Amino acid sequence: MSYKNILSTVNNGIATITINRPDKLNALNKDTIEELHEALNDCNKSKETKVIIITGSGEKAFVAGADISEFAHFDEKNGGKLAAKGQEILFDFIEQLSTPVIAAVNGFALGGGLELAMACHFRVASLNAKMGLPEVSLGVIPGYGGTQRLPQLVGKGRAMEMIMTAGMIDANQALEYGLVNHVTAGGEVIALAEKLAGKIMRNSSVAIKGAIKAVNANFKDGVDGYKIEIKQFGKCFGTEDFKEGTTAFLEKRKADFPGK
Ligand code: COA
């Protein structure tokens, strides 16, 4: 399938989705958000795609935020709808995908861009990356999950400071905060994400799906994550992947997992 605002390729089990509006620093407009939803949904359903990498086109930006020109004239009702729809079809959607999603942050990740990276299962960054939630400088607050996911990742005090000051942190600061897992030289961030994807792909996709559900349960109000873990753990015992994984271990060979 071809898209106007994104590029989507699959190679050796890894899908790379690139937001491709470099002239606008890959700002997320409505069409881009919808295209991302479609592409991610297709990758998640495909048996061939084992890991998804999201990145931005060009050397300057991952995503410099939601497209300000699209919402500058919105009223209260439309503002609420914008956040609700975006969270539903993209940000919560990514977090709950059963296929692992890695953000390869290759430059500015601001506002909706950082929120997009934070919705991914984990993040790696290039040294030139700059991250922040500058929404209050525009008279608005983060609306794509930023007020929730940033404190989960970096702690409440750091999140409050980043949100209130609208400032940016660099890649090393993000690493120290735990906002990104690894930092690498510019131009190598995709290779780093691919290396991690390769390690993930050696393992059972079916088990990883259960692990994602269990980890996410820890961050849902009113949900007992331990109970979800027990349920997902039990489910594994009925899978072909479990048979293969344990048999391969006992036979002292490398597992060849059948499922996704
Ligand atoms: N929405 C819409 N357009 C955006 C954008 C956004 N979030 N971020 C950048 N752009 C556009 C600029 O308007 C400009 O378009 P133009 O060439 O048609 O005028 C183009 O991308 C390049 O950006 P520019 O500001 O000229 O680059 P810069 O290197 O001077 O500054 C930034 C880079 C990231 C500091 C600056 O673009 C910026 O502050 N962007 C907005 C960040 C933000 O507030 N995001 C949160 C939105 S809720």
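Details of the structure are given in the entry above.
Read on for an overview of the structure.

What to know about the overall build of the protein
- Counting its regular elements, the protein contains 11 helices and 10 strands.
- Against the compact-globule benchmark of 18 Å for 260 residues, the protein has a radius of gyration of 19 Å, which places it among compact chains.
- Projected onto its principal axes, the C-alpha coordinates of the protein cover approximately 60 × 40 × 35 Å.
- Residue burial in the protein is summarised as follows: out of 260 residues, 44% are buried.
- Taking the contacts inside the protein whose residues are at least 6 apart along the sequence as the reference set, 69% of them involve residues at least 24 apart.
- Surface accessibility of the protein: about 13,600 Å² in total, with carbon and sulfur atoms responsible for 55%.
- Computed over 30 positive and 30 negative side-chain charges, the separation of the two mean positions in the protein equals 5 Å.

As for a positive patch on the surface
- A contiguous patch of positive charge on the surface is contributed by Lys47, Lys209, Lys213, Lys231 and Lys235.
- By the secondary structure assignment, Lys231 is in helix H10 (residues 225-236).

Some points on the sheet that holds strand S2 (residues 14-19)
- Across the sheet, which stays open at both edges, the 6 strands sit in the order S1-S2-S3-S5-S7-S10 with mixed pairing between neighbours. Every interior strand has two partners, whereas the edge strands, strand S1 (6-11) and strand S10 (182-184), have only one. Each neighbouring strand pair of the sheet contributes to a mean axis angle of 20 degrees, computed without reference to strand direction.
- Summarising the sheet, strand S7 (residues 122-126) and S10 pair through 3 bridges and their orientation is parallel. Across the sheet, the residue bridging to Val124 is His182, located in S10.
- Contacting S1, S2 and strand S3 (51-56), helix H1 (residues 30-45) runs over the sheet at an angle of about 180 degrees to S2.

Observations regarding the site of the ligand
- Near the ligand lie 17 residues; those nearest to it are Lys24, Lys60, Ala64, Ala66 and Ile68.
- Between Asp23 and the ligand, the recorded distance is 3.4 Å, taken from a backbone N or O atom to an oxygen atom.
- Note that an oxygen atom of the ligand is positioned 2.4 Å from one of the side-chain N or O atoms of Lys24.
- Burial of the ligand by the protein chains amounts to 59% of its free accessible area of 860 Å².
- A per-class count over the shell around the ligand returns 10 nonpolar, 2 polar and 5 charged.

A look at the pattern of salt bridges
- The final tally for this structure, using the stated rule, is 9 salt bridges.
- Asp31 is paired through a salt bridge with Lys4; the nearest N and O atoms lie 4.0 Å apart. Placement of the pair is Asp31 in helix H1 and Lys4 in the segment before S1, with a sequence separation of 27 residues.
- Here Glu244 ties to Arg253 by a salt bridge, and the two come within 2.7 Å at their closest N and O atoms.
- Shared partners join several salt bridges into a network, and the residues in it are Lys30, Glu34 and Lys85.

Quick word on the sheet that holds strand S8 (residues 130-132)
- One open sheet holds the 4 strands; their spatial order is S4-S6-S8-S9, and the pairing between them is mixed. With one partner strand each, in any of the chains shown, strand S4 (61-63) and strand S9 (168-170) form the two edges of the open sheet. Geometrically, the sheet is characterised by an average inter-axis angle of 20 degrees between neighbouring strands, direction not taken into account.
- As paired elements, S4 and strand S6 (residues 108-110) share 2 bridges and run parallel to each other. Directly across from Val63, in S6, lies its bridge partner Ala109.

Side note on the packing of aromatic side chains
- A complete count under the given rule lists 3 aromatic pairs for this structure.
- Seen from their ring centres, Phe91 and Tyr144 are 4.4 Å apart, and the 15 degrees between their planes marks the pair as stacked. With a gap of 53 residues between them, Phe91 in helix H3 (residues 76-96) and Tyr144 in the loop between S8 and helix H5 (146-154) connect regions that are remote in the sequence. Of the two residues, Phe91 and Tyr144, neither departs from the other in class, the shared state being buried.
- Taken together, a centroid distance of 5.0 Å and an interplanar angle of 65 degrees make the contact between Phe233 and Phe237 edge-to-face.

Re helix H4 (residues 112-119)
- With 8 of 8 residues buried, H4 lies mostly within the body of the structure.
- Looking only at H4, the buried set comprises Gly112, Gly113, Leu114, Glu115, Leu116, Ala117, Met118 and Ala119.

What about the state of the cysteines?
- Taken as a whole and judged by the stated rule, the model has 0 disulfides.
- No disulfide involves Cys43; its sulfur sits 12 Å from that of Cys120, the nearest cysteine.

Thresholds applied
Residues numbered from 1 in each chain as written. Predicted model: local features only at pLDDT ≥ 70, side-chain atom pairs only at ≥ 80, totals over all residues. Heavy atoms only, no water. Helix = DSSP H or I, 4+ residues; strand = E, 2+ residues; numbered from the N terminus. Rg over C-alpha atoms; globule rule 2.2 N^0.38 Å. Buried < 20%, exposed > 50% of the residue type's maximum accessible area, 1.4 Å probe, protein only. Contact = heavy atoms within 4.5 Å. Areas by Shrake-Rupley, 256 points an atom, 1.4 Å probe, with all protein chains shown as cover. Lys, Arg positive; Asp, Glu negative; His and termini not counted. Charge placed at Lys NZ, Arg CZ, Asp CG, Glu CD. Patch = residues over 30% accessible without salt bridge, like charges linked within 9 Å, V, L, I, M, F, W, Y side chains within 5 Å. Salt bridge = Lys/Arg side-chain N within 4 Å of Asp/Glu carboxyl O. Pairing = 2+ DSSP bridges. Axes fitted to C-alpha atoms, helices over the stretch in contact; angles between N-to-C directions. Near = heavy atom within 4 Å. Polar contact = N/O pair within 3.5 Å; in protein donor to acceptor, adjacent residues only side chain to side chain. Nonpolar A, V, L, I, M, F, W, Y, C, P; charged D, E, K, R; others polar. Phe/Tyr/Trp six-rings, centres within 6.5 Å; stacked < 30°, edge-to-face > 60°. Disulfide = S-S within 2.5 Å.

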